[in-house]
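Working through the structure, step by step
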Amino acid sequence: MFRQPIDRTPRKQFVQRRIAVAGLGKGCGTSFVAGLLACRLAEGGSCTLAELGTPYFSLALGADLRVENGAVYYEDLLDKKISLLGVRNMYGSIDLLLRRPGAQGMAPSSCALRMPGEQVVFDLSGADDAYLADVLADMDSIYLVADPMPSALLGAAERLKELKLAFPDIRIIVNKMNKAVHKAELRRFLGGREHAAVPLLDPVIFYKAEYNCVFPCELPEAAKLLKDISLDC
């Protein structure tokens, strides 16, 4: 009757930090920014880059050829009820938790709580409002990627409004910034909120990155343009 109570709940050895990267619209560069954040975090240790939305990194990084015996796609493990904690698709210090190329829709939202690693960057490309509402509440940091093209911004005005109300600490990253952008108008649209600006990169960089199976930010010509940009990650 005086025995010690049994703790049946496994104790984690660390507190996981979850970082979401979502887009204001299609083609704004969500995956590019997610990859950039993962590379920045990996400079100081290990990082997990997890796709919940539109698959991209497996083909862009040549994962099946890069990983010995081919890449492991985590949704295949989910179907077999196997834990994701053992997945190791290593790209340097980045563990790639990938969706199979051609996968449709979004991964189950519960995957946001099942990924391995102390730091996890989630690529939410293609997520709709309902999915974001379900997933973002479990995130420690949220980055929202915007294309400064007026038609892209105006088409995403309602999403921006709702996300700012729901997540006041959301961080905005304006991708594809260039000299034609009217900065005062952009700042007014964003409600005066501070934002990071990532320059419009030459499309050649993205072609070169995929032909070399690397992240665009790893190419010297891109690294030079991005090195002084603070993403506060």
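Just so we're clear, the structure is a prediction, and the values are computed from it rather than from any experiment.

Some details on the pairing of strand E6 (residues 141-146)
Within E6, six of the six residues are buried, which leaves the element mostly enclosed by the surrounding structure. Burial along E6 is two-sided: the residues Ser-141, Tyr-143 and Val-145 and Ile-142, Leu-144 and Ala-146 are all buried. For E6 and strand E7 (residues 171-177), the ladder comprises four bridges, and the chain directions are parallel. The partner of Leu-144 across the bridge, within E7, is Ile-172.

Some words on the packing of aromatic side chains
Inspection of the entire model under this criterion finds four aromatic pairs. The interplanar angle of 75° and the centroid separation of 5.4 Å between the aromatic rings of Phe-32 and Phe-206 together place this pair among those described as edge-to-face. One end of the pair, Phe-32, is in helix H1 (residues 30-42); the other, Phe-206, is in helix H9 (residues 203-211), and 174 residues separate them in sequence. You can call Phe-206 partly exposed: its relative accessible area is 28%. Geometrically, the ring pair formed by Phe-57 and Phe-215 is tilted, given 5.8 Å between the ring centres and 55° between the ring planes. Here Phe-215 lies in the loop between H9 and helix H10 (220-226) and Phe-57 lies in helix H2 (residues 57-60), a separation of 158 residues in the sequence. Here Phe-57 matches Phe-215 in class, with each residue buried. Three or more aromatic residues joined by ring pairs make a cluster, and in this case those are Tyr-56, Phe-57, Tyr-91 and Phe-215.

Side note on the nonpolar core
One finds Leu-49, Val-121 and Phe-215 to be the most contacted residues of the largest nonpolar core, which totals 40 residues. Going through the elements one at a time, strand E1 (17-23), H1, strand E2 (47-51), strand E4 (94-97), E6, strand E8 (195-199), H9 and H10 are the ones with two or more residues in this core. Here the element with the most residues in this core is H1; it accounts for nine residues. Non-local contacts of Leu-49, meaning those with residues more than four positions away in its chain, are made with Ala-34, Gly-35, Ala-38, Phe-57, Ile-94, Asp-95, Leu-96, Leu-97, Val-121 and Phe-215.

Some words on the sheet that holds E2
Reading across the sheet, the eight strands line up as E3-E4-E2-E5-E1-E6-E7-E8 and stay open at both edges, with mixed pairing between neighbours. Each of the sheet's edge strands pairs with one partner strand only, and the pair in question is strand E3 (90-91) and E8. With five bridges connecting them, E1 and E6 associate as parallel partners. By the bridge assignment, Ile-19 is partnered in E6 with Ser-141.

Considering unusual backbone geometry
Unlike most non-glycine residues, Lys-81 shows phi in positive territory, near 60°. In this structure, Lys-81 sits in the loop between helix H4 (74-79) and E3. Here Lys-81 falls in the exposed class, since its relative accessible area comes to 75%. A positive phi angle is found at Lys-176, which is not glycine, with a value near 65°. On the secondary structure map, Lys-176 appears in strand E7.

A closer look at the pattern of salt bridges
Using the criterion set out here, one finds eight salt bridges in the structure. Asp-129 is the salt-bridge partner of Arg-159, the closest N and O atoms lying 2.7 Å from each other. Residue Arg-159 is found in helix H7 (residues 157-166), and its partner Asp-129 is found in helix H5 (residues 129-135); the two are separated by 30 residues along the sequence. Residue Asp-147 pairs with Lys-176 through a salt bridge whose shortest N-O separation is 3.6 Å. Of the two residues, Asp-147 is situated in the loop between E6 and helix H6 (150-155) and Lys-176 in strand E7; the sequence distance between them amounts to 29 residues. For Asp-147, a relative accessible area of 17% puts it in the buried group.

Parameters and conventions
- All residue numbers refer to positions counted from 1 along the written sequence of the respective chain.
- This being a predicted model, a pLDDT of at least 70 is required before a residue's local features are given, and a value of 80 or more before pairs of side-chain atoms are given or counted; all residues contribute to the totals for chains, interfaces and linings.
- Only hydrogens and water are removed before side-chain values are computed, so all heavy atoms of the structure are retained for them.
- Only protein chains enter the calculation, and the probe is 1.4 Å; a residue is then buried if its accessible area is under 20% of its type maximum, exposed if over 50%, and partly exposed in between.
- Counting from the N terminus, the helices are DSSP H or I runs at least four residues long and the strands are E runs at least two residues long.
- Strands were regarded as paired on the criterion that DSSP finds at least two bridges between them.
- When two rings of Phe, Tyr or Trp (its six-membered ring) have centres within 6.5 Å they constitute a pair, described as stacked for plane angles under 30 degrees, edge-to-face for angles over 60, and tilted for the intermediate range.
- For the purposes of this section, nonpolar cores are sets of buried Ala, Val, Leu, Ile, Met, Phe, Trp, Tyr and Cys residues that join through side-chain atoms within 4.5 Å.
- Only heavy atoms matter for contacts: two residues are in contact if any of them lie within 4.5 Å across the pair.
- Put simply, a salt bridge is a Lys or Arg side-chain nitrogen that is within 4 Å of an Asp or Glu carboxyl oxygen.

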